[in-house]
There are 4 protein chains.
Amino acid sequence: MGTGYLDQLKQEAFEVNMGIVRERLVVLTWGNASSLDRSNGVFAIKPSGVSYSLLNWQDMVLVDLDGNVIDSKLKPSSDTSTHLEIYRGFNSVGGIVHTHSPWATIWAQASKSIPVLGTTHSDHFKGDVPCLPYLNKDKVDSAYEKQTGIQIVDFFEEKNLDPFHMPGCLLSGHASFTWGETSQKAFENAVALEACAHMAYFSIILNNEINFPTYILDKHFTRKHGKNSYYGQNSNRV
Amino acid sequence: MGTGYLDQLKQEAFEVNMGIVRERLVVLTWGNASSLDRSNGVFAIKPSGVSYSLLNWQDMVLVDLDGNVIDSKLKPSSDTSTHLEIYRGFNSVGGIVHTHSPWATIWAQASKSIPVLGTTHSDHFKGDVPCLPYLNKDKVDSAYEKQTGIQIVDFFEEKNLDPFHMPGCLLSGHASFTWGETSQKAFENAVALEACAHMAYFSIILNNEINFPTYILDKHFTRKHGKNSYYGQNSNRV
Amino acid sequence: MGTGYLDQLKQEAFEVNMGIVRERLVVLTWGNASSLDRSNGVFAIKPSGVSYSLLNWQDMVLVDLDGNVIDSKLKPSSDTSTHLEIYRGFNSVGGIVHTHSPWATIWAQASKSIPVLGTTHSDHFKGDVPCLPYLNKDKVDSAYEKQTGIQIVDFFEEKNLDPFHMPGCLLSGHASFTWGETSQKAFENAVALEACAHMAYFSIILNNEINFPTYILDKHFTRKHGKNSYYGQNSNRV
Amino acid sequence: MGTGYLDQLKQEAFEVNMGIVRERLVVLTWGNASSLDRSNGVFAIKPSGVSYSLLNWQDMVLVDLDGNVIDSKLKPSSDTSTHLEIYRGFNSVGGIVHTHSPWATIWAQASKSIPVLGTTHSDHFKGDVPCLPYLNKDKVDSAYEKQTGIQIVDFFEEKNLDPFHMPGCLLSGHASFTWGETSQKAFENAVALEACAHMAYFSIILNNEINFPTYILDKHFTRKHGKNSYYGQNSNRV
């Protein structure tokens, strides 16, 4: 097998990295995205601290699932170990996006989960988007980024959350991660998370007793996901 | 009669679909617009789930007023049945816009109508923009999109609201619909709804006892609408 | 004397009309600007209800200070009588801008003056930007736009406000007007009003007992205005 | 030595002056940036009151550390004396940015320091960004801009703050200054300050008892700064 697929992987990761800037989810270098080829055990990720205005697709850094950098003189994102733990812990995840997008980060800084209040949210996240607690001092001081990834995977396991029903989370005092079957899906979930974080913020101020019915949440989620989905051109049902 | 008018209908619908993205009323694929040729009983609507960045006017899907797709391999918007019911229920409506624009959706998620507080609102909506209640479980589980359209038409009839005096509404836990004699007017009402939703939100926080006089509301609405209108180049009166 | 100055007047008015759209003070057709040549008693103003995307400088409508349209097939802005009364009442004003810019309008809808809380505001407005009361029913029903202009001029006279120290105001339930020696200055004041309206809104929520010292207000206003100004390349003092 | 370095200095200052407009930290002429060549004791700064749309790099004004204008017919920024005092007081600072960016100014108008609530803030500012008190009347009336610079330097000395651990501050009733080893770093800190000001505002409304752990603050600051930093391509540690 040739290595053309590695170039394609870099291009996919590049597209999503540029997308999060274009959608104003990222300023300066506050974000990174990766794209995984699980069959080959390799993902492409943004290089650390490189300005988005100077980025080329060739700059994406290839990393294997043991965390070894393949074929690059650039250092990968400082958050690479977090991506790695998520890829290891969540089977079938093919792309990850990390941003400090303002409204998601506002909730994360307040250590609050984002409540599901409407169909926009339900189309992407089947319930409240959880905010994980502050990482403890030992974990921060030892292997911070790796521990962040482990915290996410452990939290989902403990709470029995399906990472495809809840393709993202907040980290207290930090920011957000989203993921999906592909990096494109992870990107769409990052856009959705920011929009829902913004709208939820102001809806709860306007009405602090919102009772969004579970049957509408379920309807909207299953309209777009699973075997009975009928949204989009490639859905299973007409 | 030739079918050139069908191409024109698709182009009209396309322009409005792109307009709602350009005006930032829509991110991802959270919105759709349609344009109706009532004399021929056909409307053009966005295809379901197709990315706006890939959309061409030729992709618009033609649907007749019985809900049959005419001449397209693409599936129409998942909200097509809602459009259909509005066209059936509201005579003279020639265009419909559905968006999850942030501020309109913030009010919808809070299940609150948008109060009329000024002339900007009065130029487009003659009174508070109503927020309809959550659809019940039976309706959501049976024919959700069709029931949404029926709910809108029934609500306006029940409340004795003229759809041209109130060319839009909110749906609890969901988002907004606007309409007009043409798809262009429906678009302008969608832009106006979002701006008014934004301004009303912050005005009521600053002053929770606003008493906007009805005579200013009436003055502004009739300045732009009806036989004594004098706004614009084609108004009836100078 | 030739009529080249009339073309120049139209171009000036056009530039400012496009500027308020570019700076996002205006959506749809919610705004208009005019530029006056006082020596010839003629001003150029936006035509009524014409989409900004279709506007050319040649479309600007020339109106004399008696309110007669000169040389145009287009109707002038529906707010022309307001501009006219301001030009008549405020000597030396050479340009006027009317917008429904969101934050200024939020204060206007709440019937609240914008308090001076900092140097940004002080550079343009020497004190709180006043919000005038709702116009009464008789005035709205008779000659609404003309009465709006008269209200502004009367208010400034009654409160002994210098229109160059306070080059703008809010109208309850409506929006804002700003002015200046030139239409360019009126434009800059419109931009400043919107920015100051936005910042004041959130500053007073954060601290409802702000005591911005008058001596800083005076310092900043006189730094930019009057015989001892020293800001900019053409100021009187180095 | 040739004077090519002076052209380069002007170009650096120009880039940052345009950057703060592009990032929407500045409207009208409400901001200015400078770049210092400390070895030659010369800095380049924006000319006073010149519209950003007309600015060329050649317009940057060269000023020496005694405050003398070198080689320009244009007057330097009215805030030049503030820049000068900061360069004199803070060794190793090589660039300064002053803006009235909206959210930083909202805090400054409220006379409140911006609390550190998360990692975004910690990456740039090691603790709360302080808001200095209103300058007193004597200082405002005598040498306002110079006194502003002196106030900043004195405050940092008095509070024992390292200007590279806290590369910026707010001024009550006014706006913000940021700085850095280079004008590019000063620019990045200005962007960070605005984003953090925005997010902190809404986080504290959502949760007024946020307890962001000091060990995460320290971790993030040292990840990017100092001898053990490992963020970016040129950091000291892998």
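Data block above holds the structure.
Here we summarise the structure given alongside this text. (Residues numbered from 1 in each chain as written. Chains lettered and ligands numbered in written order. Predicted model: local features only at pLDDT ≥ 70, side-chain atom pairs only at ≥ 80, totals over all residues. Heavy atoms only, no water.)

### Some points on the overall build of chain A
Defined as follows: Where helices and strands are cited, they refer to DSSP runs of H or I of at least four residues and of E of at least two residues respectively, numbered from the N terminus. Classification of residues uses two cut-offs on accessible area relative to the type maximum, computed with a 1.4 Å probe and protein chains only: under 20% is buried, over 50% is exposed, and between them is partly exposed. In this analysis, two residues are considered to be in contact whenever any of their non-hydrogen atoms come within 4.5 Å of each other.
Counting its secondary structure elements, chain A contains seven helices and eight strands. Each principal axis of the C-alpha atoms in chain A carries an extent, and together these give about 55 × 50 × 35 Å. The buried share of chain A, reckoned over its 238 residues, is 62%. Restricting the contact set of chain A to residue pairs at least 6 apart, pairs at least 24 apart contribute 63%.

### Some points on the arrangement of the chains
The closest approach of any C-alpha atom in chain A to one in chain C is 14 Å; the two make no contact. Taking C-alpha atoms as the reference, chain B and chain D come no closer than 14 Å and do not contact one another.

### Section: the packing of helix H7 (residues 183-206) of chain C against helix H3 (residues 102-109) of chain D
Rule in force here: To obtain an axis, a line is fitted to C-alpha atoms, over the contacting stretch when the element is a helix, and the angle between two such axes runs from 0 to 180 degrees between their N-to-C directions. Orientation labels follow simple angle bins: below 35 degrees gives roughly parallel, above 145 gives roughly antiparallel, 65 to 115 gives roughly perpendicular, and whatever is left gives oblique. When the near helix sits turned anticlockwise from the far one by under a right angle, the crossing is termed left-handed; a clockwise turn instead gives a right-handed crossing. Each residue gets one of three labels, nonpolar for Ala, Val, Leu, Ile, Met, Phe, Trp, Tyr, Cys and Pro, charged for Asp, Glu, Lys and Arg, and polar for the others, Gly among them.
In the contact formed by H7(C) and H3(D), the axes pass within 8 Å of each other and the chain directions differ by 45°. In this view, H7(C) runs oblique relative to H3(D), as classed from their interaxial angle. Crossing angle aside, the handedness with which H7(C) passes H3(D) is right-handed. Every residue of H3(D) that contacts H7(C) at C:His198, C:Met199, C:Ala200, C:Phe202, C:Ser203 and C:Leu206 is listed here: D:Pro102, D:Trp103, D:Thr105, D:Ile106, D:Trp107 and D:Gln109. A per-class count over the contact of H7(C) with H3(D) returns eight nonpolar, four polar and no charged.

### Some details on the interface of chain A and chain D
Stated formally: Two parts lose some accessible area (1.4 Å probe) when they are put together, and adding that loss for both gives the buried area. Take a side-chain nitrogen of Lys or Arg and a carboxyl oxygen of Asp or Glu: if they are within 4 Å of each other, that pair is a salt bridge.
Contacts between the two partners involve 34 residues from chain A and, on the opposite side, 35 residues from chain D. Roughly 3,000 Å² of surface becomes buried between chain A and chain D when both sides are summed, with 60% attributable to carbon and sulfur atoms. On the chain A side of the interface with chain D, the three residues burying the most area are A:Trp30, A:Lys75 and A:Gln109, jointly 23% of the side's total. One can count two salt bridges joining chain A with chain D. A salt bridge links A:Asp79 to D:Arg223; its shortest N-O distance comes to 3.5 Å. Elements that contribute at least two residues to the side of chain A that touches chain D include exactly helix H3 (102-109), helix H5 (137-158) and helix H6 (183-206) of chain A. Per-class residue counts for the side of chain A that touches chain D are 18 nonpolar, ten polar and six charged.

### Quick word on the interface of chain B and chain A
Defined as follows: Throughout this description, a polar contact denotes any pair of N or O atoms lying within 3.5 Å of each other; where both atoms belong to protein, one of them has to be capable of donating a hydrogen while the other can accept it, and for residues adjacent in sequence the pair is counted only when both atoms sit in side chains.
Taken residue by residue, the interface counts 34 residues in chain B and 34 residues in chain A. Where chain B abuts chain A, roughly 3,000 Å² becomes buried across the two surfaces, and 59% of that area is made up of carbon and sulfur atoms. Interface area lost by chain B to chain A is led by B:Trp30, B:Lys75 and B:Gln109, which between them contribute 23%. Counting the contacts that link chain B with chain A gives 17 residue pairs in polar contact (both at pLDDT 80 or more). Elements represented by at least two residues in the side of chain B that touches chain A include exactly helix H3 (102-109), helix H5 (137-141), helix H6 (144-158) and helix H7 (183-206) of chain B.

### What to know about helix H1 (residues 4-22) of chain C
Residue and element names in this part refer to chain C. What counts here: Take the number of residues in a helix, subtract one, and multiply by 1.5 Å to get its expected span.
Its 19 residues place the ends of H1 27 Å apart at the C-alpha level, agreeing with the 27 Å of an ideal helix rising 1.5 Å per residue. Residues Leu 6, Leu 9, Lys 10, Ala 13, Phe 14, Val 16, Asn 17, Gly 19 and Ile 20 constitute the buried set of H1. Count one or two residues on from H1 and you reach Arg 24, which has phi positive near 60°.

### Describing the relation of the copies chain B and chain A
How we decide: The atoms used to superpose the copies are C-alpha atoms, taken from residues with pLDDT of at least 70 in both, and the fit is least squares.
For the pair chain B and chain A, the best superposition has an RMSD of 0.0 Å and corresponds to a rotation of 90° with a translation of 0.0 Å parallel to the axis. Taken together, these values place the two copies in the relation of a four-fold axis. Interface overlap between copies is the fraction of interface residues in one copy that are interface residues in the other; for chain B against chain A it is only 6%, indicating separate surfaces.

### Examining unusual backbone geometry
Of note, the phi angle at B:Asn160 is positive, near 55°, even though the residue is not glycine. Mapped onto the fold, B:Asn160 is located in the loop between H6 and strand E7 (168-171).

### A closer look at the pattern of salt bridges
Considering all chains together, one arrives at 28 salt bridges over all chains under this definition. A salt bridge links C:Arg223 to D:Glu145; the nearest nitrogen and oxygen atoms lie 2.7 Å apart. Residue C:Arg223 is found in helix H8 (residues 214-224), and its partner D:Glu145 is found in helix H5 (residues 137-158); the two belong to separate chains. Summarising the burial analysis for this pair, C:Arg223 and D:Glu145 share the class buried. In the salt-bridge network here, residues are joined through shared partners; they are A:Asp79, A:Glu145 and D:Arg223.

### Observations concerning the pairing of strand E8 (residues 176-180) of chain D
Residue and element names in this part refer to chain D. Rule in force here: When DSSP finds two or more bridges between a pair of strands, those strands are recorded as paired.
Counting buried positions along E8 gives five out of five residues, so the element sits mostly inside the fold. Here E8 shows a buried face lined by Ser 176, Thr 178 and Gly 180 and a second buried face lined by Phe 177 and Trp 179. Sheet topology places strand E5 (residues 95-99) next to E8; five bridges connect them, and they run antiparallel. Residue pairing for E8: Gly 95 is matched across the bridge by Gly 180. Note that strand E7 (residues 168-171) and E8 share three bridges and pair antiparallel. Counterpart to Gly 168 in the pairing with E8 is Thr 178. Between E7 and E8, which pair antiparallel in sequence order, lie four residues; one of them, Gly 173, sits at a positive phi of approximately 75°.

### So, the sheet that holds strand E8 (residues 176-180) of chain A
Within a sheet, adjacent strands bond to each other through the backbone by hydrogen bonds, running parallel or antiparallel. Residue and element names in this part refer to chain A. Reading across the sheet, the eight strands line up as E4-E3-E2-E1-E5-E8-E7-E6 and stay open at both edges, with mixed pairing between neighbours. Edge positions in the sheet fall to strand E4 (69-70) and strand E6 (131-132), since each has one partner strand and no second. One ladder, built from four bridges, connects strand E2 (residues 42-45) with strand E3 (residues 61-64); its direction is antiparallel. Within E3, the residue paired with Phe 43 across the bridge is Val 63. The strands touched by H3 within the sheet are E6, strand E7 (168-171) and E8, with E7 carrying the most contacts at an inclination of about 55°. Where H5 meets the sheet, it contacts E6, E7 and E8, and its direction lies at approximately 125° from that of E7.

### So, the side chain of A:Lys75
Keep this limit in mind: His is not counted here, nor are the chain ends, while Lys and Arg score as positive and Asp and Glu score as negative.
With respect to the element layout, A:Lys75 can be found in the loop between E4 and helix H2 (80-89). Nearest to the buried, unbridged A:Lys75 among oppositely charged side chains is A:Glu145, at 10 Å. There is a polar contact of 3.1 Å between the side chain of A:Lys75 and the backbone oxygen of D:Tyr230.

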